[in-house]
Amino acid sequence: MGYIKGSERGQSILFPATVDEYIEAENAVRAIAAFLARVNFEKLEFVRARAAETGRPGYDPRMLMGLFLWGHMNGVRSSRKLERECRRNLEVMWLCENLRPDFKTIADFRKDNGEGIKGVVVEFRLWCMAAGLYGQELVAVDGSKFKAVNSKDRNFTKSKLKHLIERERAKVSEYLEALAQADEAEGAAPELSAEQLKEKIAGIEKYLAQHEELRRQLETSGESQVSLTDPEARLMKTAKGSEVSYNVQTVVDSKHKLIAAYEVTNERNDLGQLARMATQAKEALQVEELTVLADSGYCEGNALKECEEAGITTFVPVPESKAAKRLGIFGQDQFRYDQEHDVYVCPQGEELHHRQTVKDRERNKTFKVYATKACSGCPLRAQCTTSRQGRRIKRWVDQGVIDRLQQRNRGQPELLKQRKLLAEHPFGTIKRAMNQGYFLLKGLKQVGTETGLTVLSYNLKRVLNIMGVEKMISSMETTNAWST
């Protein structure tokens, strides 16, 4: 028994008459083309959105946008790789109508149309909302670190520079001493010649000068670190240790896990991101009220207050203070606050009254300080305070915001568990299934454009999984005005 035989490579064959016959009805490129055909590229101010009447004709931005969208959906993001696919991939040939732009044209389109690409992301979200694919009631906020185009060796913090400068100065001193000994040595030849030592000293002094200049730059700018390849990237803690990265924030709708809003920052943690991302999601989903879930890394009083004032209901775990536990004394949660009389009641039943008001400029908060004179004779004093003045309790003047949050958390604990299922799904898909956990571009602006393409491709893949190609195209044709 032989093998299945194919055609001889030199044999003449009759291909189908059109490329369209190679692309099945449920191929994703048909959905890409149908969507982009309904987007007003001129209104989004794409370069060459209207064909020039004179000069050499340019490529239609709809075609180049489709090429990038196909690339991000299929894990092909490099402009050089996309150029290659235009010459060999039938899906791309169909989508680009057999045009073959070079890599520079492809890269320049992405570089020059950042705002337009963001607009296309919005257009797709508007259609999804018109088609009822967003629940517009409950969302989850989360952030994840995406590796930047900058190695750790090309990133310098103040402590790293201090260590390098001390080591290099010590090494220069060591070689200078060896050079002096080589000059005085008689008889046996030294391990390194004088010329070799001078070369080593010159090389180290070159690096020493560079590192000292970097330290001066940090002191002048007030920054804590500097990256040489991508100046806007920052060293951040990740699940795999520390990497030079960007912090990508997303807001995920609960109905179909579609991304409603996104942003790229170079902040090393999520602490100040909640209010901004929640407000963006509320505006994007065009609602007056919204429920937002987030993890404890987003728990910051001023942000929670801002959300409450904007009609955004938050569910965020409140981290416990470890200071009292570390000192082995009663935590503040063991003191009951009497709102009517504005006093705290300690475990021994004594009242702590408001003594003074202090401002914490670093945290941008005002605190009321409560104290009592009963600590001196209290039998539980050793379990309550280590201060000679007795126990002091600081209460943020807007602590009611935190109290109401904790009450909501206790009332609906299942929402805190739901957050993880919603917020982490897109990042898992993007990083693992789509292999887009790192950036190819540099700088916040260009990285934001790259993220927009990733978010759009993720949302499109989700919709195709939910609806299928034919149903999606049919819905676009029948859904009433959704474009901006």
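The numbering scheme is per chain: residues are counted from 1 as the chain's sequence reads. pLDDT decides what is reported in this predicted model: residues at 70 or higher carry local features, side-chain atom pairs at 80 or more are listed and counted, and totals for whole chains, interfaces and linings draw on all residues regardless. Processing note: side-chain calculations cover all non-hydrogen atoms of the structure and skip hydrogens and water entirely.

1. Observations concerning the overall build of the chain
- Put simply, DSSP H or I for four residues or longer makes a helix, DSSP E for two residues or longer makes a strand, and each gets a number counted from the N terminus. Counting its secondary structure elements, the chain contains 16 helices and 13 strands.
- Every radius of gyration here is taken over C-alpha atoms, with the globule rule written as 2.2 Å times N^0.38, N being the number of residues. Taking 484 residues into account, the globule formula puts the C-alpha radius of gyration at 23 Å, and the chain, at 31 Å, lies well above it.
- Principal axes of the C-alpha set define a box for the chain whose edges measure 100 × 90 × 65 Å.
- Within the chain, buried positions represent 44% of all 484 residues.
- Any pair of residues with heavy atoms lying within 4.5 Å of one another is described as a contacting pair. Of the contacts made within the chain by residues no fewer than 6 positions apart, 67% connect residues no fewer than 24 positions apart. Accessibility here uses a 1.4 Å probe with only protein chains present; expressed as a share of the type maximum, an area under 20% marks a residue as buried, one over 50% as exposed, and anything in between as partly exposed.

2. Remarks on the packing of aromatic side chains
- Stacked, tilted and edge-to-face are the three classes applied to pairs of Phe, Tyr and Trp rings, where Trp contributes its six-membered ring and a pair requires centres within 6.5 Å; stacked means planes under 30 degrees apart, edge-to-face means over 60, and tilted covers the rest. On inspection of all chains with the given rule, the structure shows 11 aromatic pairs.
- Residues Phe 68 and Phe 109 carry aromatic rings whose centres are separated by 6.1 Å and whose planes lie at 20° to one another, so their mutual orientation is stacked. Of this pair, Phe 68 sits in helix H2 (residues 61-73) while Phe 109 is found in helix H5 (residues 103-112), placing the two residues 41 residues apart along the sequence.
- The exposure class assigned to Phe 68 is buried, which follows from its relative accessible area of 0%.
- Taken together, the ring pairs connect Phe 41, Phe 46, Phe 68 and Phe 109 into an aromatic cluster.
- Taking NZ or CZ as reference, Arg 77 lies 4.6 Å from the ring centre of Tyr 438, over its face.
- Whether a charge sits over a ring comes down to the Lys NZ or Arg CZ being within 6 Å of the ring centre and within 35 degrees of the ring normal. Positioned over the ring face of Phe 103 is Arg 80, at 3.7 Å from the centre of the ring.

3. A look at the pattern of salt bridges
- Criterion for a salt bridge: a side-chain nitrogen of Lys or Arg within 4 Å of a carboxyl oxygen of Asp or Glu. Evaluation of the coordinates by the stated rule reveals 21 salt bridges.
- Arg 419 is paired through a salt bridge with Asp 142; the nearest N and O atoms lie 4.0 Å apart. Of the two residues, Arg 419 sits in helix H14 (residues 413-433) while Asp 142 sits in strand E1 (residues 138-147), which places them 277 residues apart along the sequence.
- Between Glu 213 and Arg 216 there is a salt bridge, with the nearest N and O atoms lying 3.0 Å from each other. Note that Glu 213 and Arg 216 are positioned in helix H8 (residues 194-221) at a spacing of three residues, about one turn of the helix.

4. Overview of the layout of surface pockets
- Only protein atoms enter the 1 Å grid used here, on which a cavity is any set of points holding a 1.4 Å probe that cannot leave and a pocket is any open set flanked by protein within 12 Å on both sides along at least five of seven lines; residues with an atom within 4 Å of a point are listed as lining. Grid points are joined across faces, edges and corners, and a volume is the space filled by probe spheres set on the points. Of the pockets and cavities examined, the largest pocket occupies roughly 1,500 Å³.
- Pro 319, Ser 321, Gln 332, Asp 333 and Gln 399 are, among the 41 residues lining the largest pocket, the residues nearest its centre.
- Looking at the lining of the largest pocket, the elements with two or more residues in it are helix H11 (323-327), strand E12 (365-371), strand E13 (392-396) and helix H13 (399-411).
- Size it by volume and the second largest pocket reaches roughly 590 Å³.
- Taken together, 17 residues make up the lining of the second largest pocket; nearest its centre are Lys 145, Thr 238, Ala 239, Lys 240 and Lys 431.
- For the lining of the second largest pocket, the secondary structure elements donating two or more residues are E1, strand E4 (234-238), strand E5 (241-253) and H14.
- If one sorts the elements of the lining of the second largest pocket by residue count, E1 sits on top with five residues.

5. Some points on the nonpolar core
- If you look at the biggest cluster of nonpolar residues, it comprises 92 residues, and the most contacted ones within it are Met 65, Val 120, Phe 124, Trp 127, Leu 274, Val 463 and Met 472.
- The element that contributes the greatest number of residues to this core is helix H15 (residues 444-467), accounting for nine residues.
- Core analysis: the next-biggest nonpolar cluster, separate from the first, contains eight residues, Phe 330, Phe 335, Cys 346 and Cys 384 among them. Nonpolar cores were defined as sets of buried Ala, Val, Leu, Ile, Met, Phe, Trp, Tyr and Cys residues, with membership established by side-chain atoms within 4.5 Å.

6. Examining the sheet that holds E12
- Two strands form a pair only when DSSP identifies at least two bridges running between them. Strand order in the open sheet made by the five strands is E9-E10-E11-E12-E13, with antiparallel pairing throughout. Two strands bound the open sheet, and with one partner strand each, they are strand E9 (336-338) and E13. Across the sheet, the axes of successive neighbouring strands diverge by a mean angle of 35°, strand direction being ignored.
- Alignment of strand E10 (residues 343-345) against strand E11 (residues 351-360), held across three bridges, turns out to be antiparallel. Its bridge partner being in E11, Val 345 is matched across the sheet by Glu 351. Lines fitted to C-alpha atoms define the axes, with helix axes restricted to the stretch in contact, and inter-axis angles between N-to-C directions lie between 0 and 180 degrees.

7. A few points about the confidence of the model for the chain
- As a per-residue quantity, pLDDT reports the predictor's confidence and falls between 0 and 100. Averaged over every residue, the pLDDT of the chain is 92; residues scoring 70 or more account for 96%.
- Mean pLDDT in the chain bottoms out at H11, which sits at 81, and peaks at strand E6 (residues 259-265), which reaches 98.

8. Some points on empty space enclosed by the protein
- According to the stated counting rule, one finds one cavity of 30 Å³ or more in the structure shown.
- Size it by volume and the largest cavity reaches roughly 90 Å³.
- Along the walls of the largest cavity sit 13 residues, with Phe 146, Val 248, Ile 430, Thr 451 and Thr 454 positioned nearest its centre.
- Counting only elements with at least two residues in the lining of the largest cavity, the list comes to E5, H14 and H15.
- Counting residues per element, the lining of the largest cavity draws most heavily on H15, which supplies four residues.

9. So, the side chain of Glu 263
- In this fold, Glu 263 is placed in strand E6.
- In the analysis that follows, any N or O atom pair within 3.5 Å is treated as a polar contact, provided that within protein one partner can donate a hydrogen and the other can accept it, and provided that, for residues neighboring in sequence, both atoms belong to side chains. A polar contact of 2.5 Å, which involves the side chain of Glu 263, links it to the side chain of Gln 280.
- Setting aside chain neighbours within four positions, we find Glu 263 in contact with Asn 247, Val 248, Gln 249, Arg 276, Met 277 and Gln 280.

10. Some words on the side chain of Gln 273
- When you line up the elements, Gln 273 lands in the loop between E6 and helix H9 (274-285).
- Residue Gln 273 is classed as buried on the basis of its relative accessible area of 3%.
- Of note is the side chain of Gln 273, whose polar atom sits 2.3 Å from the side chain of Arg 276.
- Look past the residues within four positions of Gln 273 in its chain and what remains in contact with it is Gln 249, Thr 265, Glu 267 and Tyr 298.

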